[in-house]
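Listed below, chain by chain, are the residues.
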Amino acid sequence: MVEWSEQERTIITSIFASLDYEDIGPKALSRCLIVYPWTQRYFGAFGNLYNAEAIKTNPNIAAHGIKVLHGLDRAVKNMDNIKATYAELSVLHSEKLHVDPDNFKLLSDCLTIVIAAKMGSSFTPEIQATWQKFLAVVVSALGRQYH
Amino acid sequence: MSLSATDKTRVKDLWEKVTPKSAEIGAEALARMLVAYPQTKTYFSQWGDLSPQNAQVRKHGGVIMAAVGKAVKGINDLTGTLSALSELHAFKLRVDPANFKILGHNIILTLAMYFPGDFTPEVHVSVDKFLQNVAWALSERYR
């Protein structure tokens, strides 16, 4: 069981409370596809991904980035049981989407970097540590049902 | 994943802006790493308290970043440029090379914070590749 202090809970809920999903979601996903191009393998049906410009302006990618970011809402609401919360999504990513679970960490790193760029110096080392702990728990839960 | 001419140009261009703030950025990156990845503190136990305000931590971050700057200047021969540092890390410091990736992530995060406009996804991929190559050159003498 993951233990969360009151401070950690506050940090996570407050980041999500002020999160601009329509801005951050697309930026995080498109950055992941550009920085780690092999992750494009999961998006064959999304249209033009030929270069960075195409990825950044692709509306399907933007929409999907927003969707993925909203997917984190459930973890925020159920911080004491993220593993169970994502059991079904984990099965989906394994059985249907066939996503290599190592890739979850790549997207999570890009999300962290986009949020750091947005928040600037208010993304303190302590906030970074808490945020990364949260994402690590999410990533672990998403990989849990793979076999 | 070796560096293309485009990668090298992007890194050098970004470093024109990085250089005047190099010490500050290095201090920030190292301080963050010690807070967000506590296992890395094992390499600095001789400094006692490792909080972000610790002067030794901040100074050392600056030293590290200066070496990265040197690597940028010697980007065409990273193995040669970093050979002495590789020996230091291999035989004296014995830092597990997995940690180079961790510090790299924190350097990238700090760069994104300091240069939100310049640190585009394209620049990010080139810097990520560059730091990977630096890590590789730094591990050269390990075994």
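These numbers were taken from a predicted model, which means no experiment stands behind them. (Residues numbered from 1 in each chain as written. Chains lettered and ligands numbered in written order. Predicted model: local features only at pLDDT ≥ 70, side-chain atom pairs only at ≥ 80, totals over all residues. Heavy atoms only, no water.)

**Student:** Help me out: how do you make sense of the overall build of chain B in this one?
**Tutor:** Scanning chain B from N- to C-terminus turns up seven helices and zero strands. What you see in chain B, going N to C, is helices and strands ordered as α-α-α-α-α-α-α. In terms of overall dimensions, chain B is globule-like: its C-alpha atoms have a radius of gyration of 14 Å, near the 15 Å expected for 143 residues. If one aligns the C-alpha atoms of chain B with their principal axes, the spans along those axes are about 40 × 35 × 20 Å. Sequence separation of 24 or more characterises 78% of the internal contacts of chain B that already satisfy a separation of 6 or more. For chain B, the exposed surface amounts to about 7,100 Å²; the carbon and sulfur share of it is 55%. Computed over 17 positive and 13 negative side-chain charges, the separation of the two mean positions in chain B equals 4 Å. (Helix = DSSP H or I, 4+ residues; strand = E, 2+ residues; numbered from the N terminus. Rg over C-alpha atoms; globule rule 2.2 N^0.38 Å. Contact = heavy atoms within 4.5 Å. Areas by Shrake-Rupley, 256 points an atom, 1.4 Å probe, with all protein chains shown as cover. Lys, Arg positive; Asp, Glu negative; His and termini not counted. Charge placed at Lys NZ, Arg CZ, Asp CG, Glu CD.)

**Student:** Sorry if this is basic, but what is going on with the UniProt feature "domain: Globin" (unreviewed entry) in chain A here?
**Tutor:** According to UniProt, the feature "domain: Globin" (unreviewed entry) maps to residues 3-147 of chain A in the numbering used here. The span residues 3-147 of chain A is 70% helix and 0% strand, and its two end C-alpha atoms sit 26 Å from each other. (UniProt positions renumbered as here; feature names shortened; annotations may be inferred.)

**Student:** Help me out: how do you make sense of the interface of chain B and chain A in this one?
**Tutor:** How big an interface is tends to be stated in terms of the accessible area lost upon association of its parts. Contacts between the two partners involve 21 residues from chain B and, on the opposite side, 22 residues from chain A. Here chain B packs against chain A, burying approximately 1,800 Å² in sum over the two surfaces, 63% of which is carbon and sulfur. The shortest N-O distance in the salt bridge between B:E122 and A:K56 comes to 2.9 Å. The interface formed by chain B and chain A includes eight residue pairs in polar contact (both at pLDDT 80 or more). Listed by contribution, the elements that provide at least two residues to the side of chain B that touches chain A are α2 (22-36), α6 (98-114) and α7 (121-138) of chain B. (Buried area = accessible area lost by both parts, 1.4 Å probe. Salt bridge = Lys/Arg side-chain N within 4 Å of Asp/Glu carboxyl O. Polar contact = N/O pair within 3.5 Å; in protein donor to acceptor, adjacent residues only side chain to side chain.)

**Student:** Mind showing me how you'd approach the nonpolar core here?
**Tutor:** Looking at soluble globular proteins, one finds that nonpolar side chains tend to be buried together. Residues A:W131, A:F134, B:L111 and B:F130 are the most contacted members of the largest nonpolar core, which totals 78 residues. Look past the residues within four positions of A:W131 in its chain and what remains in contact with it is A:I12, A:I15, A:F16, A:L111, A:T112, A:I115 and A:F123. A:I34, A:F43, A:L49 and A:I61 belong to the second largest nonpolar core, which has nine residues in total. (Core = buried A, V, L, I, M, F, W, Y, C linked by side-chain atoms within 4.5 Å. Buried < 20%, exposed > 50% of the residue type's maximum accessible area, 1.4 Å probe, protein only.)

**Student:** Got a minute to help me understand the environment of A:D102 in this structure?
**Tutor:** Within the secondary structure, A:D102 sits in helix α8 (residues 102-119). Between the alpha carbons of A:D102 and A:V139 there is a distance of 8.9 Å; along the sequence they are 37 residues apart.

**Student:** Sorry, what's going on with the side chain of A:R31 here?
**Tutor:** One can find A:R31 in helix α2 (residues 21-35). Buried and unpaired, A:R31 has no salt bridge, with B:E122 as the nearest side chain of opposite charge at 7.0 Å. Not counting residues up to four positions away in its chain, the partners in contact with A:R31 are A:Y36, A:C110, A:I113, A:V114, B:F119, B:T120, B:P121 and B:H124.

**Student:** When you look at the environment of A:I11 in this model, what are you seeing that I'm missing?
**Tutor:** All names here are of chain A. Along the chain, I11 turns up in helix α1 (residues 6-17). We classify I11 as buried; its relative accessible area is 12%. Along the chain, I11 and T130 lie 119 residues apart, while their C-alpha atoms are 7.3 Å from each other. Beyond its immediate sequence surroundings of up to four residues, I11 is in contact with I127 and T130.

**Student:** What exactly am I supposed to notice about the packing of aromatic side chains here?
**Tutor:** Two aromatic rings are characterised by how far apart their centres lie and by the angle between their planes. All names here are of chain A. Applying the stated rule across the entire model yields 11 aromatic pairs over all chains. Relative to Y146, the ring of F104 lies with its centre 6.3 Å away and its plane at 75 degrees, an arrangement referred to as edge-to-face. Of this pair, F104 sits in helix α8 while Y146 sits in the segment after α9 (125-143), and the two are 42 residues apart along the sequence. F104 sits in the buried class, given a relative accessible area of 11%. (Phe/Tyr/Trp six-rings, centres within 6.5 Å; stacked < 30°, edge-to-face > 60°.)

**Student:** What should I look at first to understand the state of the cysteines in this one?
**Tutor:** Linking two cysteines covalently through their sulfur atoms gives a disulfide. For the structure shown, the criterion picks out zero disulfides over all chains. The thiol sulfur of A:C32 is not disulfide-bonded, and the nearest other cysteine sulfur, from A:C110, lies at 4.6 Å. (Disulfide = S-S within 2.5 Å.)

**Student:** For this particular structure, what's the right way to read the pattern of salt bridges?
**Tutor:** Pairing is possible between side chains that carry opposite charge, provided their charged atoms lie close to one another. Residues and elements named next belong to chain A. Here the structure, examined in full by the defined rule, presents 13 salt bridges over all chains. When the shortest N-O distance is used, the salt bridge between K56 and E53 registers 3.9 Å. Of the two residues, K56 and E53 both sit in helix α3 (residues 52-57), three residues apart, roughly one turn of that helix. According to the relative accessible area criterion, E53 is partly exposed, its value standing at 48%. Among the salt bridges present, the one from D109 reaches K105, with a minimum N-O distance of 3.2 Å. Of this pair, D109 and K105 both sit in helix α8, four residues apart, roughly one helical turn. Exposure remark for D109: the relative accessible area of 14% places this residue in the buried category.

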